[in-house]
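The chain contents come next:
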Amino acid sequence: MIKNLAQYTSEEKVIRKIFEIISSLFSPKTIIYMAITNNKITTIKSIPPNIKITEISLEKLNSIEENYYLLETKRSFILKITHSNELLGFIEINEIEYPQYLNRYLNIAIVIARICGLSIANARIYQKLNKTLEELKLSNKDLEQFAHIISHDLKQPLTNLILTLHILKSNILEDDNLKVVNRAEHSAFNLNSMIEKILELATFGRRNENLMKIDCNKVLKQVVENLSYKIEKKKANITFNDLPTIFAIEIELIQLFQNFIDNGIKYNESNFPEIHVSAEKVGTDWLFSIKDNGIGIDAKNFNMIFEPFKRVGNSTKKYGTGIGLSICKRIIERLEGQIWVDSTVNKGSTFYFKMPIKDKNS
Ligand code: ADP
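This write-up is about the structure you can find in this document. Quick caveat, the model's predicted, so the values are computed rather than measured.

1. Focus on the nonpolar core
Where a protein is soluble and globular, its nonpolar side chains tend to be buried together.
Right, on to step 1. Formed by 44 residues in total, the largest nonpolar core has its most connected members in Leu-253, Leu-256, Phe-257, Phe-260, Ile-261 and Phe-353.
Right, on to step 2. At the level of secondary structure, the elements contributing two or more residues to this core comprise α5 (216-226), β8 (245-248), α7 (250-266), β9 (274-282), β10 (285-292), α8 (324-334), β11 (338-344) and β12 (348-356).
Right, on to step 3. Ile-261 has contacts with Leu-220, Val-223, Leu-227, Ile-238, Ile-275 and Val-277, leaving out every residue within four places of it along the chain.

Right, dumping it as structure tokens:
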């Protein structure tokens, strides 16, 4: 019975069990439990119900060296319940049936008090964790709702603005004015895709899809097709060979490689941007790398670029939201992997990610 105590996830259950144990061992007339949190009494429970604990000041109880306090009748005592030097409560055991065995009983009671302390501490941590988890779920839900409302509310006037600019453009004859409107239209389009990215970030991880066997070669082919306009425009050369099949969510893998390759083309001043994707087995992991000959990244920013909305160095001249890599990081972390970058300014960057090769992977 005692052994199972530490498995209880609520303090009330622990106490109910402790009362059962104490009743069967000492047959007392009454048992009272007083829970303490941050040196304040929070609840009192007793058998039979509504019995008051002996009036001894908390300070006095608190200051007792031993784990118990013997009451004057010598048939009753109070157990101090602690864990890791934190006071968690007191149990008063009144009028035990065989006071002649008091000393022996006290030894047992002290052991019970220790296990009780551990079990209550466990139950309290569990409750706290559960509460935090619930709060986290709620705040995630709030965030998602907020992102939906914002994107919906912002997108409507933005669409009107884009439409108005379009109409305005067709009625403008002077070149200078046209430039201004073009610029405004460009900003409006940027704002539109920024709103979409924010929504994407806020709702990431909501997909309940199962991991499927995905051939990364096929994913890369799809990505190259998706980016064909940019690839042709910048005369970029995208190469990859012999990529493995891994367990993942296809749409996330496309998103992942597309972000890397899109960035490799975007942050690249070379006349012939080169991006190469490869993968190899390293120990028990797949190690992927995406190497480009772009503008590179200063070593001091290697970690920062994976945080949302962080853009660094020369890149701020190009359009971007600073969200792509933070989504890549989340995708990899959900696959129990890690992501990092190695780069030299003006020479190029290599983005790496690794993930465990599971039995299911091939
Ligand atoms: P975005 O491209 O929208 O700014 P990302 O999260 O994809 O957002 O990238 C964050 C920042 O990391 C970029 O603004 C840029 O400063 C840097 N970066 C990402 N990829 C590269 C790359 N291949 N070469 C140089 N800098 C890069």
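2. Observations regarding a nonpolar patch on the surface
Right, on to step 1. Taken together, Leu-191, Met-194, Ile-198, Phe-309 and Tyr-319 make up a surface patch of nonpolar side chains, about 420 Å² in accessible area.
Right, on to step 2. Residue classification places Tyr-319 among the partly exposed residues on the basis of a relative accessible area of 32%.

3. Focus: the packing of aromatic side chains
Right, on to step 1. All chains considered together, the criterion is met by eleven aromatic pairs.
Right, on to step 2. Ring centres 6.0 Å apart and planes at 55° place the aromatic pair Phe-257 and Phe-288 in the tilted group. On the criterion of sequence distance, the pair formed by Phe-257 in helix α7 and Phe-288 in strand β10 is long-range, its members being 31 residues apart. An identical accessibility class is assigned to Phe-257 and Phe-288; each is buried.
Right, on to step 3. An angle of 10° between the planes, with centres 4.7 Å apart, marks the rings of Phe-288 and Phe-353 as stacked. With a gap of 65 residues between them, Phe-288 in strand β10 and Phe-353 in strand β12 connect regions that are remote in the sequence.
Right, on to step 4. The exposure class assigned to Phe-288 is buried, which follows from its relative accessible area of 0%.
Right, on to step 5. Chaining the aromatic ring pairs together yields one cluster made of Phe-257, Phe-260, Phe-288, Phe-306, Phe-351 and Phe-353.

4. What to know about the sheet that holds strand β4 (residues 77-83)
Right, on to step 1. Spatial ordering of the open sheet is given by β2-β1-β5-β4-β3, a layout of five strands whose pairing is antiparallel. Looking along the sheet, the strands with just one partner apiece sit at the ends: β2 (40-47) and β3 (68-70). Ignoring strand direction, the axes of neighbouring strands in this sheet form an average angle of 15°.
Right, on to step 2. Relative to strand β5 (residues 86-94), β4 runs antiparallel, the two being bridged by seven bridges. Residue pairing across strands places Thr-82 opposite Leu-87, the latter belonging to β5.
Right, on to step 3. Sitting on the sheet, helix α1 (residues 11-26) is in contact with β1 (30-37), β2 and β5, with an inclination near 150° to β1.

The rules behind these values
- Residues numbered from 1 in each chain as written.
- Predicted model: local features only at pLDDT ≥ 70, side-chain atom pairs only at ≥ 80, totals over all residues.
- Heavy atoms only, no water.
- Core = buried A, V, L, I, M, F, W, Y, C linked by side-chain atoms within 4.5 Å.
- Buried < 20%, exposed > 50% of the residue type's maximum accessible area, 1.4 Å probe, protein only.
- Helix = DSSP H or I, 4+ residues; strand = E, 2+ residues; numbered from the N terminus.
- Contact = heavy atoms within 4.5 Å.
- Patch = residues over 30% accessible without salt bridge, like charges linked within 9 Å, V, L, I, M, F, W, Y side chains within 5 Å.
- Areas by Shrake-Rupley, 256 points an atom, 1.4 Å probe, with all protein chains shown as cover.
- Salt bridge = Lys/Arg side-chain N within 4 Å of Asp/Glu carboxyl O.
- Phe/Tyr/Trp six-rings, centres within 6.5 Å; stacked < 30°, edge-to-face > 60°.
- Pairing = 2+ DSSP bridges.
- Axes fitted to C-alpha atoms, helices over the stretch in contact; angles between N-to-C directions.

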